[in-house]
Amino acid sequence: MKLDFSNLTDLCSDKLLTLCQEGLAGWALRKIAVRVRYSRGADFSGTCFYADRRIYVNLGRHLVYPYAMGTNLARSRSVGRAWYKPIYTIELQDGYEVVLFVFMHELFHLLVKRARRNTRQKESMCDRFAARFVADRFGAAVRDERGRAIPREVWDFQDVEGFVAGARDLRAARRPIPQYKEPGIARDEQLLLFPP
């Protein structure tokens, strides 16, 4: 996969590039362009363009960390005939985690399109995909509106990777897993501490 990457923030470009490459691993997108820059005032924002597979991630200069990012991770709840979705926050420790969350969210939009799924109303799934990656990579905590930690099984209840399985890179999936070998001697040889 060809990744055209640029970073116009003070964050380390090499680190951001590595994080984006980790997020892209195993997905068949051929080429993708990622632009990271400062926002004009918003805490963060992201945009993806399907036609040429471009992702823009905008990061607020003013953010104070840890940053509690509001998400759509919670299940919808109903009260009478109305329904609402509580806001769960994910605790992000620095700008790298914010950029990675927004990048993974926008990447899921592209994967939905690549997997030939309906692209409408996928914001909650995009947030779950991003939150799973950031929680696995950095151990980010998810909290409810009162600040209580939410167990993972409460917010991570959809098979989001399975939903976009059609966008998997089958060649990457077929690569053999390297087997660990003890260096130095074969299993049937004797190790001599004092050679003759």
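Residues numbered from 1 in each chain as written. Predicted model: local features only at pLDDT ≥ 70, side-chain atom pairs only at ≥ 80, totals over all residues. Heavy atoms only, no water.

A. Quick look at the packing of helix α2 (residues 95-114) against helix α3 (residues 123-138). Their axes nearest at 8 Å, the elements α2 and α3 cross at an angle of 135°. Looking at the two axes, α2 sits oblique to α3. Helix-helix and strand crossings are classified by hand; for α2 and α3 the assignment is right-handed. Taken together, the residues of α3 that come into contact with α2 (itself represented by Glu97, Leu100, Phe101, Met104, His105, Leu107, Phe108, His109 and Leu111) are Glu123, Met125, Cys126, Asp127, Phe129, Ala130, Ala131, Phe133, Val134 and Phe138. Here the contact of α2 with α3 is composed, by residue class, of 14 nonpolar, two polar and three charged. (Axes fitted to C-alpha atoms, helices over the stretch in contact; angles between N-to-C directions. Helix = DSSP H or I, 4+ residues; strand = E, 2+ residues; numbered from the N terminus. Parallel < 35°, antiparallel > 145°, perpendicular 65-115°, else oblique. Left-handed = near helix turned anticlockwise from the far one by under 90°. Contact = heavy atoms within 4.5 Å. Nonpolar A, V, L, I, M, F, W, Y, C, P; charged D, E, K, R; others polar.)

B. Spotlight on the sheet that holds strand β8 (residues 88-92). Reading across from one edge, β5-β8-β9 is the order of the three strands in this open sheet, with antiparallel pairing throughout. Here the strands that pair on one side only, and so sit at the sheet edges, are β5 (67-71) and β9 (142-143). As defined by bridge partners, β8 adjoins β9 across two bridges and the pair is classed as antiparallel. Bridged to Thr89 within β9 is Arg143. (Pairing = 2+ DSSP bridges.)

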